[in-house]
Structure formats: C-alpha cells, structure tokens
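# Overview (structure and organization)
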Amino acid sequence: MVSNVFKTALCLVALTALVACGQNKERVPNRIKTGPDEFSILPAKPLQAPANYSALPAPTPGGTNRTDPTPKADAIVALGGRVPTGGVDGGIVSYASRYGVDPEIRAELYEADEGRRKGRGSYERAYKRLALDPYAEWERLRALGIDVPTAPEQ
C-alpha cells in the first residue's frame, strides 16, 4: 500500500512540474507585444493597368498612389456617398467664396481684433461679453420645446 505521505509528495511533484511547464513568457497576460498591430495593417488595392499609358499623370513625391488603402473613402462609397475631390472642406470653401474672396480679409480682421483688444488686456476680457453661456442656452432651447439630449457641463 502506498502511504498518504507518498501520495502527497507525488501530487506536489506533479503540480510543480505542471506549473514549471506553464511559465511561457508569451502566455503571460498583459505583456507588451513587440510585433505589428494586426488591426493597423490594411491590404493594398489591386494593381490596375491604365487604358492609356501616355495619359498618366506625373509622379508626385510624397503623393498618393492608386493602390494605397483609403478606408474612409471606401466606406463613404460603400454607403452610397461621394468622395470629396477638392479636399474635405472643398465644398464649404467653394460655397463660402461664391461671391468672391477679399484678399485682404486676414489683415482687416487682425486690425479689428487688435482694436477690440486694445485697452482691455487679455483676449478673455475683450470677448467676455460675446461668450455663450452653455447652460443658459440649454435652458432657452428647452423652453422653446427643442429636445436637447444632454445638459452642458457646469
């Protein structure tokens, strides 16, 4: 017959061997991985042969390539939208400048801002009267019956 002491010792040896085999550094949770992030790798688009090789645009250093992944534009197209061609704000800029653009607008605004701030010290003091009180605006909109989902921070 095997004694209880021998059974206990055998169980401890087996447990020690099992724990020793399980100490693999790659299996330790919360360990910083040194490999690439699998979610940051985007597949390239398939290569396309142009219809006319002489009509290709000149290469631009640092520019984009037809095979470069464009996940945002692809998502817009997949959802039935149109990808803006003149930049993200191209349509807004075109609409805002439909009556023409004053080339001196920045200088005029700078002078007007300097005149407003003169004698008032800081920017905050100069424009304090024009600042919007978000809580008062929230109350005003609620009084008009407009559904405001959240209250502003106080």
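Residues numbered from 1 in each chain as written. Predicted model: local features only at pLDDT ≥ 70, side-chain atom pairs only at ≥ 80, totals over all residues. Heavy atoms only, no water.

### Quick look at the overall build of the chain
In terms of regular secondary structure, the chain is built from six helices and zero strands. Put simply, the chain runs from its N terminus to its C terminus through helices and strands in the order α-α-α-α-α-α. Looking at the chain residue by residue over its 154 residues, the buried ones come to 4%. Of all intrachain contacts in the chain linking residues separated by at least 6 positions in sequence, the fraction that spans at least 24 positions is 14%. Accessible surface, the chain: about 14800 Å² in total, of which carbon and sulfur atoms supply 60%. (Helix = DSSP H or I, 4+ residues; strand = E, 2+ residues; numbered from the N terminus. Buried < 20%, exposed > 50% of the residue type's maximum accessible area, 1.4 Å probe, protein only. Contact = heavy atoms within 4.5 Å. Areas by Shrake-Rupley, 256 points an atom, 1.4 Å probe, with all protein chains shown as cover.)

### With respect to the packing of aromatic side chains
Taken as a whole, this structure holds two aromatic pairs when the rule is applied. Ring geometry for Tyr123 versus Tyr127: centroids 4.8 Å apart, planes at 40°, classification tilted. Taken together, the residues span about one helical turn, with Tyr123 and Tyr127 both in helix H5 (residues 123-127) at a distance of four residues. For Tyr123, a relative accessible area of 48% translates into the label partly exposed. In this structure Tyr127 comes out as partly exposed when scored by relative accessible area, which is 22%. (Phe/Tyr/Trp six-rings, centres within 6.5 Å; stacked < 30°, edge-to-face > 60°.)

### Brief notes about the pattern of salt bridges
Applying the stated criterion to the full structure yields four salt bridges. With a closest N to O distance of 3.5 Å, Asp74 and Lys45 form a salt bridge. Note that Asp74 is positioned in helix H2 (residues 71-78) and Lys45 in the loop between helix H1 (4-21) and H2, a separation of 29 residues in sequence. The residue Glu137 makes a salt bridge to Arg140 at a minimum N-O spacing of 2.6 Å. Separated by three residues within a single helix, Glu137 and Arg140 lie in helix H6 (residues 134-143), roughly one turn from each other. The class for Glu137 is partly exposed, based on a relative accessible area of 23%. (Salt bridge = Lys/Arg side-chain N within 4 Å of Asp/Glu carboxyl O.)

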